[in-house]
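Here is what each chain is made of, one letter per residue.
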Amino acid sequence: MTSQLSEHDARAADSGANATRHFAQKVQAANAVDTARVSAIAAEALAALHQVIRKHQLSYAEYDAVKAWMIRVGQDGEWPLFLDVFVEHVVEQVANESRQGSKGSIEGPYYIPGAPVIGATGALPMRPAEEGTPLLFHGQVTGVSGDPIDGATLELWQADNAGFYSQFAPGLPEWNLRGTLVTGADGRFSVRTIRPAPYQIPHDGATGKLIELAGWHAWRPAHMHLKVSAAGHQLVTTQLYFPGDPHNGDDIASAVKPELMLDPKPAPFGDGVEVTYDFALDPA
Ligand code: DHB
Ligand code: FE
């Protein structure tokens, strides 16, 4: 990179590399290997790639450019970022196809387990003068039959008003805008936060280079991330979106679904907004 990185770009670059560190810390289950399945998937993935090479008559110069780019994705620590943006949405679709309850969406690279517990009502941890539109978010967690779930857990994480996630972009307090809600007997929760900003995936590394050379953009619409779970029920990982965002229709991560659109109303306080969203969890 010859040009000076802006402060924004420098923080975005850190986010990509930190996502690799966090992913490496995730405990990987030691599954028994199904050799036939590995063989089928690897062979078909490679055959799909061979087909693209033939169709577009890839030159040696282009082959070398692709090799150099893949090496750089790894050096920049951007494989989690790249895969979650361009591949995860299909894995999510396959995983959640048969659910009756709330729709899922991609997890993305910025989830951290163990965010501070808030209870059924409260506020996400935030700085004393956290910038952004105040947002009151409430709703109810039920089973698919509509019965309220006592003790359901909602883990919430979101970007701040500048589009940065705590623990990934430097300079933010630990757990900023991350929290764990636990419903009471009525299944209800209520949390104060701020409206997240539209978010550009870090675009100063190898992923950004691809986006630039392909003439794409790096935007995800503003969103809140959630994991909702309860004993005897399937956990759902999802995201919620705000109507009117210019990138709801062309999310770089292809993770928007009409069922995940919020309906903000003016809040009964100050200049904020209020949203209600209810979750229905499938039985385990
Ligand atoms: C990425 C970031 C997100 O916040 C998200 O929801 C999905 C993907 C990313 O940078 O890869
Ligand atoms: Fe996100």
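Every value quoted in this text rests on a predicted model; they were computed, and no experiment measured them.

A.B. asks: Would you mind going over the coordination of the iron ion (ligand 2) in detail, with residue names and values included?
C.D. replies: For the iron ion (ligand 2), the full set of protein donor atoms is Y165 (OH), H223 (NE2) and H225 (NE2), and the range of their distances to it is 2.0 to 2.1 Å. In the primary structure, the donors to the iron ion (ligand 2) are separated according to the pattern Y-x57-H-x1-H. Neither residue differs from the other here; H223 and H225 are each classed as buried.

A.B. asks: I'd like to hear about the site of ligand 1, residue by residue, with values.
C.D. replies: V85, Y165, R220, H223 and H225 are the nearest of the 14 residues found near ligand 1. Contact distances for ligand 1 include 2.6 Å between an oxygen atom and a side-chain N or O atom of R220. H223 is positioned with one of its side-chain polar atoms (N or O) 3.1 Å from an oxygen atom of ligand 1. In isolation ligand 1 offers 290 Å² of accessible surface; the protein chains occlude 100% of this area. If you list the elements that add at least two residues to the shell around ligand 1, you get α4 (79–86) and β9 (223–229).

A.B. asks: Describe the nonpolar core, naming the residues involved and giving the relevant values.
C.D. replies: Ranked by internal contacts, the top residues of the largest apolar core, which has 49 residues, are F137, V141, L240 and F279. At the level of elements, α4, β3 (134–143), β4 (153–158), β6 (188–194), β9, β10 (236–241), β12 (273–276) and β13 (279–281) are the ones that each hand at least two residues to this core. Setting aside residues no more than four positions away along its own chain, F137 makes contact with L156, F189, S190, V191, M224, L226, L240, V275, Y277 and F279.

A.B. asks: Before we move on, can you summarise the pattern of salt bridges with the specific residues and values?
C.D. replies: All chains considered together, the criterion is met by 8 salt bridges. In this structure, E212 engages K209 in a salt bridge whose closest nitrogen and oxygen atoms are separated by 3.7 Å. Of the two residues, E212 and K209 are both situated in helix α6 (residues 206–214); the distance of 3 residues between them amounts to about one turn of the helix. Judged by its relative accessible area of 53%, E212 is exposed. It is possible to trace a salt-bridge network through shared partners that takes in R127, E130 and D160.

A.B. asks: Help me get a handle on α6, residues and values and all.
C.D. replies: Along α6, the residues classified as buried are A206, T207, G208 and I211. G215 sits one or two residues past α6 and shows a positive phi near 75°.

A.B. asks: Can you lay out the packing of aromatic side chains for me, pointing to particular residues and giving the numbers?
C.D. replies: Applying the stated criterion to the full structure yields 14 aromatic pairs. With a centroid separation of 6.2 Å and an interplanar angle of 85°, the aromatic rings of Y60 and Y63 are classed as edge-to-face. In this pair, Y60 and Y63 both sit in helix α3 (residues 60–75), 3 residues apart, roughly one turn of the helix. Between the NZ or CZ atom of K227 and the centre of the ring of Y111, over which it lies, the distance is 4.7 Å.

A.B. asks: Give a detailed account of the pairing of β10, specifying residues and quantitative values.
C.D. replies: The element β10 is extensively covered by neighbouring structure, given that 6 of its 6 residues are classed as buried. The alternating pattern of β10 places V236, T238 and L240 and T237, Q239 and Y241 on opposite faces, both of which are buried. In this structure, β9 lies alongside β10, joined through 6 bridges in antiparallel fashion. Each bridged residue has a counterpart across the sheet, and for K227 the counterpart in β10 is T237.

Calculation criteria
- Residues numbered from 1 in each chain as written.
- Chains lettered and ligands numbered in written order.
- Predicted model: local features only at pLDDT ≥ 70, side-chain atom pairs only at ≥ 80, totals over all residues.
- Heavy atoms only, no water.
- Donors = N, O, S within 2.8 Å, 3.2 Å for Na, K, Ca; no water.
- Buried < 20%, exposed > 50% of the residue type's maximum accessible area, 1.4 Å probe, protein only.
- Near = heavy atom within 4 Å.
- Polar contact = N/O pair within 3.5 Å; in protein donor to acceptor, adjacent residues only side chain to side chain.
- Areas by Shrake-Rupley, 256 points an atom, 1.4 Å probe, with all protein chains shown as cover.
- Helix = DSSP H or I, 4+ residues; strand = E, 2+ residues; numbered from the N terminus.
- Core = buried A, V, L, I, M, F, W, Y, C linked by side-chain atoms within 4.5 Å.
- Contact = heavy atoms within 4.5 Å.
- Salt bridge = Lys/Arg side-chain N within 4 Å of Asp/Glu carboxyl O.
- Phe/Tyr/Trp six-rings, centres within 6.5 Å; stacked < 30°, edge-to-face > 60°.
- Lys NZ or Arg CZ within 6 Å of the ring centre and 35° of its normal.
- Pairing = 2+ DSSP bridges.

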